[in-house]
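So the chains spell out like this:
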Amino acid sequence: MRFVVANWKMNFLSDQARDFCEAFLADYTASPSVTTAIAPPFHLIRPVADSFRSRQVRVFGQNGHADPKGAFTGEISMAQLQDVGCSGVILGHSERRQLFGETDEALAAKVKAARDWNLLPLLCVGETLEERQRGQTLDVLDRQLSILARTGPTPLWVAYEPVWAIGTGLRAEVAQIREAHAFIQAKLRTLMAPNIGPVPVLYGGSVTPENFPELLDIPEVAGGLVGGASLDPAKFATLVKQAG
Ligand code: 13P
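Let me begin by describing the structure that accompanies this report. Since this is a predicted model, take the numbers as computed values, not measurements.

**A short note on the layout of surface pockets**
Phase 1: A volume near 460 Å³ is recorded for the largest pocket.
Phase 2: Lining the largest pocket are 19 residues; nearest its centre among them are Lys9, Met10, Gln62, Arg96 and Phe100.
Phase 3: The element contributing the most residues to the lining of the largest pocket is helix H4 (residues 94-100), with four residues.
Phase 4: In terms of residue class, the lining of the largest pocket is made up of eight nonpolar, seven polar and four charged.

So this is what it looks like as structure tokens:
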């Protein structure tokens with residue numbers, strides 16, 4: 001099974017999302033060997049989920065709060081994400097960590113909350129350019145994954161997204177991806193009970209239809225978490241086809 005996930009970030013108004021869904025669905029055939037998901041901004045979750053109902057495209061949140069409800073202005077809970085049609089949630093994206101101060105401690109609580117509300121967490125990990133240059137990549141991945149020691153075994157997907165490769169056109173090299181993914185898999189094996197089954201580890205960072213086939217050839221890569229290219233329905237449909 002391969003996985004292709006669109007992270008729309010803070011893009012699209014309603015009519016743009018409608019146009020995307022129409023164009024993408026015209027080009028999309030569900031494949032038993034590919035799991036496809038789209039993470040729209042909050043205001044588009046319901047209409048996107050409605051468009052994809054019965055077409056086997058999952059809808060994810062881009063973030064969620066650990067508490068089910070309460071006085072948290074501007075936040076959305078896992079319960080609310082589930083209520084609008086999400087079956088998963090992206091957690092710990094580097095933009096959340098860097099721009100909104102999301103901590104590993106908060107993420108441990110979010111992973112638990114996602115599990116409690118039956119949402120599949122897609123946990124993002126990855127080093128900054130400075131951390132890579134200082135030789136700290138594996139230490140960073142180790143720290144970011146260690147939150148799973150506090151959550152207990154839980155089904156999840158992981159995305160390795162080197163921060164320096166996000167939105168830059170600078171895709172990580174095959175050797176860098178292999179090293180990071182092998183490390184993540186080994187760490188997950190020590191943290192997770194075997195009965196959770198294999199955890200898919202996706203790559204994210206400047207994925208395009210031009211470089212995705214090469215990425216999919218890497219045995220440790222289970223698929224892609226895609227930003228910019230996922231805003232173009234033809235490109236996103238191509239990525240899904242390439243994974244099939
Ligand atoms: P780009 O594909 O635009 O580099 O974004 C990657 C990303 O952040 C997906 O979560």
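**So, the pairing of strand E3 (residues 57-61)**
Phase 1: The buried count for E3 comes to four of five residues, which makes it a mostly enclosed element.
Phase 2: For the segment spanning strand E2 (residues 34-39), helix H2 (residues 45-52) and E3, crossover handedness is right-handed.
Phase 3: Relative to strand E4 (residues 88-91), E3 is paired through two bridges, and the arrangement is parallel. Within E4, the position partnered with Gly61 by the bridge is Val89.
Phase 4: Where the polypeptide runs from E3 across helix H3 (residues 78-83) and back to E4, its parallel neighbour, the crossover connection is right-handed.

**A word on the sheet that holds strand E7 (residues 201-204)**
Phase 1: Spatially, E1-E2-E3-E4-E5-E6-E7-E8 is the arrangement adopted by the eight strands of the closed barrel, whose pairing is parallel. The sheet shows a mean angle of 25 degrees between the axes of neighbouring strands, direction not considered.
Phase 2: Relative to E7, strand E6 (residues 157-160) is paired through three bridges, and the arrangement is parallel. If you follow Tyr160 over to E7, its bridge partner there is Tyr203.

**Topic: the site of the ligand**
Phase 1: Among the 13 residues in the neighbourhood of the ligand, the closest are listed as Lys9, His93, Gly167, Ser206 and Gly228.
Phase 2: Measuring from an oxygen atom of the ligand, one finds a side-chain N or O atom of Lys9 at 2.8 Å.
Phase 3: Gly167 places a polar main-chain atom, nitrogen or oxygen, 2.6 Å from an oxygen atom of the ligand.
Phase 4: Across the complex, the protein chains shield 95% of the 310 Å² of accessible surface that the ligand would expose by itself.
Phase 5: Looking at the shell around the ligand, its residues break down into four nonpolar, seven polar and two charged.

**Points about helix H7 (residues 137-145)**
For an α-helix, 3.6 residues make a turn, and residues three or four places apart therefore share a direction.
Phase 1: Every buried residue of H7 is accounted for by Thr137, Val140, Leu141, Gln144 and Leu145. Relative to the axis of H7, the buried residues are bounded by an arc of 125 degrees and lie together on one face.

**Let's talk about the packing of aromatic side chains**
Phase 1: Throughout the structure, instances matching the rule amount to 10 aromatic pairs.
Phase 2: Relative to Phe20, the ring of Phe12 has its centre 6.0 Å away and its plane inclined at 50 degrees; by these criteria the two rings are tilted.
Phase 3: Geometrically, the ring pair formed by Phe20 and Phe24 is stacked, given 5.8 Å between the ring centres and 20 degrees between the ring planes. In this pair, Phe20 and Phe24 are both assigned in helix H1 (residues 14-27), four residues apart and thus about one turn of the helix distant.
Phase 4: Among the aromatic residues, those joined into a cluster by ring pairs are Trp8, Phe12, Phe20, Phe24, Tyr28, Phe52 and Phe236.

**Details of the nonpolar core**
Phase 1: With 65 residues, the main nonpolar core has Phe24 and Leu148 as its most contacted residues.
Phase 2: Among residues more than four places away in sequence, those in contact with Leu148 are Val111, Leu123, Leu156, Leu188, Leu191 and Met192.
Phase 3: Formed by 14 residues, the second largest nonpolar core is a distinct cluster that contains Ala39, Leu122, Cys124 and Leu225.

Rules behind the numbers
- Residues numbered from 1 in each chain as written.
- Predicted model: local features only at pLDDT ≥ 70, side-chain atom pairs only at ≥ 80, totals over all residues.
- Heavy atoms only, no water.
- 1 Å grid on protein atoms, 1.4 Å probe; cavity = no way out; pocket = protein on both sides within 12 Å on 5 of 7 lines; lining within 4 Å.
- Points joined across faces, edges and corners; volume = space filled by probe spheres on them.
- Helix = DSSP H or I, 4+ residues; strand = E, 2+ residues; numbered from the N terminus.
- Nonpolar A, V, L, I, M, F, W, Y, C, P; charged D, E, K, R; others polar.
- Buried < 20%, exposed > 50% of the residue type's maximum accessible area, 1.4 Å probe, protein only.
- Right-handed = clockwise from strand over helix to strand, strands pointing away.
- Pairing = 2+ DSSP bridges.
- Axes fitted to C-alpha atoms, helices over the stretch in contact; angles between N-to-C directions.
- Near = heavy atom within 4 Å.
- Polar contact = N/O pair within 3.5 Å; in protein donor to acceptor, adjacent residues only side chain to side chain.
- Areas by Shrake-Rupley, 256 points an atom, 1.4 Å probe, with all protein chains shown as cover.
- Arc of directions from axis to C-beta.
- Phe/Tyr/Trp six-rings, centres within 6.5 Å; stacked < 30°, edge-to-face > 60°.
- Core = buried A, V, L, I, M, F, W, Y, C linked by side-chain atoms within 4.5 Å.
- Contact = heavy atoms within 4.5 Å.

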